[in-house]
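Structure assessment
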Amino acid sequence: MILTKYDIFFKVLETKTISQAAKELGYSQSAVSQTIKSLEEELETTLFIRQKSGVILSRDGFEYLPYLKSVQANLENLRTKKQEMKGLNQSKLRIGTFTSVSRHLLPSLMKDFNERIY
């Protein structure tokens, strides 16, 4: 799944640190920080107050939060609709393999498959 700046914003909000959000998303700390900075520039405000112990929402961040939640919810609806349009929302995939294939090859193949449909 391709992450949006809103996905990243909410991960930072959830984890309360840019470094932890980056770790959980599999991104560099710099990439997450730049994404947040880009969103802040777009909104012409500061969303997070950076502290040694992590980040907290700024006053403007609290004000924007309901709107950001709405955008995020609509993006999720769009992703769901995309899957429906592809006919993937109710599909089941059954795979029969040998144990060695299931352990060594199948995990990476399934990851690639998931990334393509999301």
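Residues numbered from 1 in each chain as written. Predicted model: local features only at pLDDT ≥ 70, side-chain atom pairs only at ≥ 80, totals over all residues. Heavy atoms only, no water.

**Some thoughts on the nonpolar core**
In terms of nonpolar packing, the biggest core is built from 18 residues, with F9, V12, V32, I36 and F48 touching the most fellow members. If you list the elements that add at least two residues to this core, you get α1 (5–15), α2 (18–25), α3 (29–43), β2 (54–57) and α4 (59–86). Broken down by element, the residue count for this core peaks at five residues, all from α1. In this structure F9 touches I36, L39, L47, F48, L57, L65 and L68, once residues within four positions along its chain are discounted. (Core = buried A, V, L, I, M, F, W, Y, C linked by side-chain atoms within 4.5 Å. Buried < 20%, exposed > 50% of the residue type's maximum accessible area, 1.4 Å probe, protein only. Helix = DSSP H or I, 4+ residues; strand = E, 2+ residues; numbered from the N terminus. Contact = heavy atoms within 4.5 Å.)

**Quick look at the packing of α1 against α3**
Packed helices, taken two at a time, are described by the angle between their axes plus the distance between the axes. Viewed as axis vectors pointing N to C, α1 and α3 meet at an angle of 110 degrees, and their least axial separation amounts to 10 Å. Regarding the angle of α1 to α3, the classification is roughly perpendicular. From α1, K5, Y6, I8, F9 and V12 reach across to α3, where they touch V32, T35, I36, L39 and E42. In the contact of α1 with α3, the residues fall into seven nonpolar, one polar and two charged. (Axes fitted to C-alpha atoms, helices over the stretch in contact; angles between N-to-C directions. Parallel < 35°, antiparallel > 145°, perpendicular 65-115°, else oblique. Nonpolar A, V, L, I, M, F, W, Y, C, P; charged D, E, K, R; others polar.)

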